Amino acid sequence: DGTMNVYFGRVTSFVDKMLERLEYKYNINLKVQDFSSTKAITNSVSRSIRNSIFNTVTLTGSQHLSLSYKSGDAALKHAKLKKFKVNLECPSSMVNGWGDITAVKIYRNLSIKSIASLQAPLPVGVVSNSSYILSFLNNICESTIYLRRAHQPFAEGGSRLAYHAQIANKKDDLDLKKSAAVLKTFKFHGRGINDKRQYFKQMETSTIARFLAEEYNKSSFRLKHCAEIKMLQAAVIEEIDDANEKDGERCFCAEAPLPTDGSIFTRFSSNTGHWNMDAIDESLLRFTEFTYIASKRYLMVTDLQGVRVGNKFFL
């Protein structure tokens, strides 16, 4: 679907027929690099790394107002930091804290059947009831779902911004407590960065982590004294009106808010393997190890952040 680049190092021309069969059978576009030139190999590896960084949208550091990136063999592209100001206040307590109400579509991954299926792309479906991502008690299923988002984000991460939001099947239900949600969007705006497929990737990562947390909780790997791991259900929100497409504000990742019972939000680990030694916990260590072993070393869930409530971590 254009979200992966496959590179093949060709030593001799005897493999050309095999490459043709691979491309035909698996419907992939192989980028073949002849190994006869050291300079060409170096350039190919560098280009593939740049593409990989772009495709996973690891755009960090709001101290930079703009950045340049290259996607595939296309010309150099530019991305700009979105204009925002973090505001910790609840939108309901501010004058004009909320934006306009808009109709949206909600996408989410279909259920994962087994650990063995993690290496294949997860199917995505459209849902018609906001209760699929939020803890709604009503079972009303309307054809239209409504969204209201705060004007300013309440938090800034390495690559994304977090906004207070409300999602409901009826406009009159937006102010209900059960309609509360959190939306996340990429901080930079540039061609391809805020594409819906990029948000699908973020959702897929969260869905896999949630599935592995459920498997861990019922496994013998989790000892009796260890806390349960609860991953929030993730979805992708897309405004039906495309007016905000040009500003990179049409699509968002969405999830329910973390519990707010006095627990302190904590980043327990990072993507680079660093652990917060002031908040390290055996439960999280065992969970991270479990994801690596259970997936047969295919992946590891990292960058754990959230809150602990009693004997449960909400991440």
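On a predicted model such as this, the values are computed, not experimentally measured, just so you know.

Caption draft 1: Representation of helix α4 (residues 282–294) within the structure. Compared with an ideal rise of 1.5 Å per residue, which puts 13 residues at 18 Å, α4 spans 18 Å between its outermost C-alpha atoms and is within 8% of the ideal. Taken residue by residue, α4 has Ser283, Leu284, Phe287, Thr288, Phe290, Thr291 and Ala294 as its buried positions. Projected onto a plane normal to the axis of α4, the buried residues spread over an arc of 155 degrees and lie on a single side. Of the surrounding elements, those touching the buried residues of α4 are α3 (196–217), β12 (228–230) and β17 (312–314). Of the residues flanking the start of α4, the one acting as N-cap is aspartate 281, its side-chain oxygen 2.7 Å from the backbone nitrogen of serine 283. Immediately downstream of α4, the backbone of lysine 296 shows phi near 55 degrees, a positive value.

Caption draft 2: The arrangement of the sheet that holds strand β16 (residues 305–309) in detail. The four strands are arranged β12-β17-β16-β15 in an open sheet whose pairing can be described as mixed. With one partner strand each, in any of the chains shown, β12 and β15 (266–267) form the two edges of the open sheet. When β12 meets β17, the two strands line up parallel, connected through three bridges. Bridged to lysine 230 within β17 is phenylalanine 314.

Caption draft 3: Examining the pairing of strand β9 (residues 160–168) more closely. Burial analysis of β9 places seven of its nine residues in the buried class, which makes it a mostly covered element. When strand β7 (residues 145–150) meets β9, the two strands line up antiparallel, connected through four bridges. Counted as the bridge partner of tyrosine 146 is alanine 168 from β9. Where strand β8 (residues 155–156) meets β9, two bridges bridge the pair, whose relative direction is antiparallel. Among the inter-strand pairings, glutamate 156 is bridged to a residue of β9, identified as leucine 161. What sits between β8 and β9 in their antiparallel hairpin is a turn of three residues. Of the strand pairs in this sheet, β9 and strand β10 (residues 180–186) are connected by seven bridges, and their pairing is antiparallel. Across the sheet, glutamine 166 pairs through a bridge with alanine 180, a residue of β10.

Caption draft 4: Here's a closer look at the pairing of strand β5 (residues 98–109). Here β5 pairs with β7 via five bridges, running antiparallel. Looking at the pairing, tryptophan 98 lines up with alanine 150 of β7.

Caption draft 5: A look at the packing of aromatic side chains. Tallied over the full model, the rule gives six aromatic pairs. Summarising the aromatic geometry, the rings of phenylalanine 268 and phenylalanine 313 are spaced 5.4 Å apart at their centres and angled 85 degrees between planes, so their arrangement reads as edge-to-face. Of this pair, phenylalanine 268 sits in the loop between β15 and α4 while phenylalanine 313 sits in strand β17, and the two are 45 residues apart along the sequence. Considered together, phenylalanine 268 and phenylalanine 313 belong to a single accessibility category, that of buried residues. Cation over ring: arginine 148 sits above tryptophan 98, and NZ or CZ is 5.8 Å from the ring centre.

Caption draft 6: How the structure looks around the side chain of threonine 185. By the secondary structure assignment, threonine 185 is in strand β10. Judged by its relative accessible area of 0%, threonine 185 falls in the buried class. A polar contact is formed between the side chain of threonine 185 and the side chain of tyrosine 199, at a distance of 3.0 Å. Excluding residues within four positions of it along the chain, threonine 185 makes contact with Lys82, Ser159, Arg160, Leu161, Tyr163, Asn194, Tyr199, Gly248, Glu249, Cys251 and Phe252.

Caption draft 7: Region of interest: unusual backbone geometry. Unusually for a residue other than glycine, arginine 297 sits at a positive phi of about 65 degrees. Summarising the element assignment, arginine 297 is placed in the loop between α4 and β16. Phi at aspartate 303 is positive, roughly 55 degrees, even though this residue is not glycine. You can see aspartate 303 is positioned in the loop between α4 and β16.

Rules behind the numbers
- Residues numbered from 1 in each chain as written.
- Predicted model: local features only at pLDDT ≥ 70, side-chain atom pairs only at ≥ 80, totals over all residues.
- Heavy atoms only, no water.
- Helix = DSSP H or I, 4+ residues; strand = E, 2+ residues; numbered from the N terminus.
- Expected span 1.5 Å × (residues − 1).
- Buried < 20%, exposed > 50% of the residue type's maximum accessible area, 1.4 Å probe, protein only.
- Arc of directions from axis to C-beta.
- Contact = heavy atoms within 4.5 Å.
- Polar contact = N/O pair within 3.5 Å; in protein donor to acceptor, adjacent residues only side chain to side chain.
- Pairing = 2+ DSSP bridges.
- Phe/Tyr/Trp six-rings, centres within 6.5 Å; stacked < 30°, edge-to-face > 60°.
- Lys NZ or Arg CZ within 6 Å of the ring centre and 35° of its normal.

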